[in-house]
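Examination of the molecular architecture
Here's the letter readout for the chains.
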Amino acid sequence: MEPLALGQGVQDLPFFSAIRESHYLYPVLLSTHLATLGLFGGVILATNLRLLGLALGEIPIATLLDRLRRWKYLGLAVMVTTGGLIAGSKASEYLANPYFQAKMVMLTLVGIHGVMLRAAVYRNPSLYEAGPLTRTAGTLSLALWIAVLSLGRWIAYFD
């Protein structure tokens, strides 16, 4: 099945049609997605700047990660949920959009990054202050999330 046909089939489901056609729900989902981006983005930025040794140096990385983990998971859950609902309601447009496609690739790379570095950096307090690996993790995460944010914004400008 071609992406356009698949997208049309998804967005024509009554659930997604109701979202798209609602005068209130779609804007609320979009606003929630963006507001959560601020929460999640702030947590990710603080974490990455600490991993890079550029900010919050007085707080041990393990402590910072432990304190922010709940907020990171909450922000991610809300962002993924609202993003999925938004994308599903206009699936034929999004699946044909190269910026959306690239954003999905970057999100996949974020996931791979998290899985690959979880044990070595994000869940291993004994190695947090080690240096090169934490800086590499912070740099990769920051670069990937900047790409996700940029591509997400560019989606609106593709015709």
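Up top you'll find the structure we're talking about.
The structure contained in this document is the topic of the report that follows.

Definitions and cut-offs
Residues numbered from 1 in each chain as written. Predicted model: local features only at pLDDT ≥ 70, side-chain atom pairs only at ≥ 80, totals over all residues. Heavy atoms only, no water. Phe/Tyr/Trp six-rings, centres within 6.5 Å; stacked < 30°, edge-to-face > 60°. Buried < 20%, exposed > 50% of the residue type's maximum accessible area, 1.4 Å probe, protein only. Helix = DSSP H or I, 4+ residues; strand = E, 2+ residues; numbered from the N terminus.

Quick word on the packing of aromatic side chains
Enumeration according to the criterion identifies five aromatic pairs in this entry. On the numbers, 5.2 Å between centres and 40° between planes, the contact of Y94 with F100 is tilted. Exposure class is identical for Y94 and F100. Each is buried. With centroids separated by 6.3 Å and ring planes inclined at 85°, the aromatic side chains of Y99 and F158 adopt a geometry described as edge-to-face. Within this pair, whereas Y99 is found in helix α6 (residues 98-122), its partner F158 is found in the segment after α7 (132-154), the two being separated by 59 residues in sequence. Residue class for F158 comes out partly exposed when judged on its relative accessible area of 36%. Connected via pairs of aromatic rings, a cluster forms that spans Y99, W154 and F158.

Section: the environment of P14
Its place among the elements puts P14 in helix α2 (residues 14-21). Residue classification places P14 among the exposed positions, given a relative accessible area of 65%. Between the C-alpha atom of P14 and that of G53, which follows or precedes it by 39 residues, the distance is 49 Å.

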